[in-house]
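Coordinate inspection notes
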Amino acid sequence: MKFVLDAEQKLFGETMDKLLSGAGTPAVARDWAAGTQEPGLALWRSLADAGVFALAVPESAGGAGLLPVELVTAFGEIGRHGVPGPYAETVAVAVLLARLGSGPLPAAWLPRIAEGSAIASLALPPAVPYALDADVADVVLTVDGGTLRSAIPGAIRASLDPARRLFSVTAGDVPAGVAAPAGARVAAATAEAYDMGVLACAAQLAGVGRRLLEVTVDYAKTRRQFGRPIGEFQAIKHHLANVLVGLEYTRPLVHGAALAYGSPDSPREVSAAKAAASDAAYLAARIALQVHGAIGYTDEYDPSLLIRKARALYSAWGSPASHRARVVSSLAGG
Amino acid sequence: MDLDLSPAEPFRAEVREWLRAHVPATPLPSLETGKGFAAHRAWERELHAVRLSVVSWPEEYGGRNATPLEWLVFEEEYYAAGAPGRVSQNGINLLAPTLFQHGTPEQLARVLPPMASGEVIWAQAWSEPGAGSDLASLRASATRADGGWLLNGQKTWSSRAAFADWGFGLFRSDPEAERHRGLSYLMFPLNAEGITRRPIGRIDGKPAFAELFFDDVFVPDRDVIGRPGDGWRVAMSTAGNERGLTLRSPGRFMAAASRLVELWRTHGDPADTALRDRVADAWIKAHAYRLKGFETISRTAGVGAESSVNKVFWSELDVALHETALDLLGPDGELAGEWLEGYVFSLAGPIYAGTNEIQRNVIAERILGLPRALNSAHGPGRRP
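This write-up is about the structure you can find in this document. (Residues numbered from 1 in each chain as written. Chains lettered and ligands numbered in written order. Predicted model: local features only at pLDDT ≥ 70, side-chain atom pairs only at ≥ 80, totals over all residues.)

**A look at the overall build of chain B**
Looking only at helices and strands, one finds 12 helices and eight strands in chain B. Overall, chain B is about 70 × 50 × 45 Å in size when its C-alpha atoms are taken along their principal axes. A burial count over chain B gives 50% of its 384 residues as buried. Sequence-distant contacts, at least 24 apart, represent 73% of the contacts inside chain B between residues at least 6 apart. (Helix = DSSP H or I, 4+ residues; strand = E, 2+ residues; numbered from the N terminus. Buried ≥ 20, exposed ≤ 12 C-beta atoms within 10 Å, placed from the backbone. Contact = placed C-beta atoms within 7 Å.)

What follows is the structure, encoded as structure tokens:
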């Protein structure tokens, strides 16, 4: 039993961190929000080269096999650095396609997703009603009444997180190359895709919270009032200690859910992780805002991008209440 | 990364089997009463007879050399079986780790075996009327005497001291030294000449703790742990034990959370989604605490200040979990019973072993690196 990242997994996380630290992600996110997507797409290709998407694609389709622990490691850094783009959606689509089995549709898209030459998005109403970044996606899917269909993007909907470009969708035709677009196999694939999105989102939230704690601690050490750093005041200390406690107990849940992914416990484990991650990241955001004061409430201050992202992701991929309900029903039945 | 518990499964099976055959069918009387204390002491003897009272200790002292994983598994089975609370916990979880780290071979050989068997039950004596969170301001004294020390002064909130046999605590052995300096860590029999103990009723009236008055109580040199004057360091080096995993193992909260889910199944109103969310939260947090335990034992580095994160988390989880149970019971929530006993016990959690405010100071200063303010102390604390 070794319930910590092994050396290779740790190195992967550090590599991601290094890559993203040098990428100027706040500017990339602001460009993305403004509809200038080229820097974000370049970053997408870099992350593909680092192997991120291959982690969700079977080896037979050019991937590395499904590696949930490595995926949550990557998504933690994607969250920490506020990288814009439909990352969770793309890995969820990869799982969906892989679970559909062989056929022209998976064969067409999985290798391209793995290498980063295709971007995917999806809507899974009611929990995921909008397709994120559908305008840059090469393939957009939805499951409508149990039937897999192409999703036709409609109007863009403004999000609190300006880097989340949400699109209303309508269900279109069954995509070409799907032998059986409905039935038990599609239902199982949809459920697994949803759980992957939930898991990725939970990992991302944990990363968002972690970065907000880091920047807020730094700020509290340097910002001076009453002749001393505000971090000397217990009121500030206790707020930040509470944020750390929340995050420290989110990480094991995310790792536990990654290890349980694909097992019968998977829905319960990913829901537990998402409910806890939502709370921990949101607390981190509220405290970050409070400790920064007015500067944190400005559009131009970079951490405010993450403050907004925490709240947006809080309800993305299923509300905390829906995940709590899933945990209780899996334990108590009903 | 993995969560392969299989190396501990044979041990789990043995423990489960034994507990199934031996856990009393009806709960023992509360260990905070004279009758209950005796019943819990007898239970400790039973555990010890099959070497299940201190599984992680070396065999020579009554243990089994269990790995940390086996210990976590033992605790899971122990609490899942509804086995009695551990009346020996102050000794086993706080004094013993201190002895393993600082005790002499003579002390280990003399103190540990009767602790393991429940023959000697230990009470802690940290706090004083004027030294609670600010433990370093303690004033009870140890004065040099021929072959030992004379103790004078007063200790209070001394958990288990109403019925226990021996006590341990910090005393000021150098009256010139200030705060953390000049303290000594001493052990003393509670029936020693010169000790007066006055039980104190806990919030529910049970004598869960006591105050102790020392009037020239002689303690021989062999009952000093570590060097005289070095008591603060000795106490602090194992303070993490009482805030961390060893005092409040994940198995305890996991078992309570499972019982809470069962209570929801039998008593819950499916339409009451607010209460359902709290049941979910209690389980999720207990589960997180369990997984964090596996993470902790997987690390090679010591826990240090991280135990403060632990303490804040489990103590608040414990209160929230029991509040949820009482709410599920509705008007019956105020009636005496196991949930109420657990609730009353949980209320002390955020206070003992260093209040959660002190723990938050530790987290902020030692983990997050925020600047230290004047007078922000953090003592080793105490537990009930």
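So that's the structure; there's more coming.
**Some thoughts on the pairing of strand E5 (residues 166-171) of chain A**
All names here are of chain A. In terms of strand pairing, strand E2 (residues 131-132) meets E5 through two bridges, oriented antiparallel. Directly across from leucine 132, in E5, lies its bridge partner leucine 166. Of the strand pairs in this sheet, strand E4 (residues 147-157) and E5 are connected by five bridges, and their pairing is antiparallel. Counterpart to alanine 151 in the pairing with E5 is alanine 171. (Pairing = 2+ DSSP bridges.)

**Details of helix H4 (residues 89-102) of chain B**
Note on helix geometry: an α-helix contains 3.6 residues per turn, so any two residues three or four positions apart are oriented the same way. Residue and element names in this part refer to chain B. Taking 1.5 Å of rise per residue, the 14 residues of H4 would be expected to cover 20 Å, and the 19 Å separating its terminal C-alpha atoms lies within 8% of that figure. Along H4, the sharpest kink reaches roughly 35 degrees, centred on leucine 95 and followed within four residues by the proline proline 97. Counted residue by residue, H4 has 10 buried out of 14 residues, so it is predominantly covered. Considered for burial, the residues of H4 that qualify are Gln89, Asn90, Gly91, Ile92, Asn93, Leu94, Leu95, Ala96, Thr98 and Leu99. (Expected span 1.5 Å × (residues − 1). Bend = angle between axes of the 7 residues up to and from the residue.)

**Concerning the sheet that holds strand E3 (residues 139-144) of chain A**
Residue and element names in this part refer to chain A. If you trace the five strands from one edge of the open sheet to the other, you get E1-E3-E4-E5-E2, paired in mixed fashion. Because the sheet does not close on itself, it has two edges, and the strands there are strand E1 (120-123) and E2. Each of E1, E2 and E3 is contacted by helix H5 (residues 87-100), which is oriented at about 80 degrees to E1, the strand it contacts most. (Axes fitted to C-alpha atoms, helices over the stretch in contact; angles between N-to-C directions.)

**Digging into helix H8 (residues 250-267) of chain B**
An ideal rise of 1.5 Å per residue puts 26 Å on 18 residues; H8(B) measures up with 25 Å between its terminal C-alpha atoms. Listed as buried for H8(B) are Pro250(B), Gly251(B), Arg252(B), Phe253(B), Met254(B), Ala255(B), Ala256(B), Ala257(B), Leu260(B), Val261(B) and Trp264(B). On its buried face, H8(B) sits against helix H12 (320-332) of chain A together with helix H3 (68-80), helix H9 (273-298), helix H10 (306-329) and helix H11 (338-348) of chain B.

**A word on unusual backbone geometry**
Here the bond from Pro125(A) into Pro126(A) is cis, since omega is 10 degrees, no more than 30 degrees from zero. Relative to the assigned elements, Pro126(A) resides in the loop between E1 and E2. Unusually for a residue other than glycine, Asp216(B) sits at a positive phi of about 50 degrees. Along the polypeptide, Asp216(B) turns up in strand E7 (residues 209-220).

**Regarding the environment of Leu244(A)**
Mapped onto the fold, Leu244(A) is located in helix H8 (residues 234-248). Since 24 C-beta atoms lie within 10 Å of it, Leu244(A) is described here as buried. Discounting residues that sit within four places of it in the chain, Leu244(A) has contacts with Leu213(A), Val309(B), Ile363(B), Ile367(B) and Leu368(B).

**Some words on the interface of chain B and chain A**
Taken together, the contacts link 41 residues of chain B with 39 residues of chain A. Among the elements of the structure, H8, H9, H10 and helix H12 (356-367) of chain B are those that each provide at least two residues to the side of chain B that touches chain A. Considering each element in turn, the side of chain B that touches chain A owes the most residues, 17 residues, to H9(B). For the side of chain B that touches chain A, the class distribution of residues is 26 nonpolar, four polar and 11 charged. (Nonpolar A, V, L, I, M, F, W, Y, C, P; charged D, E, K, R; others polar.)

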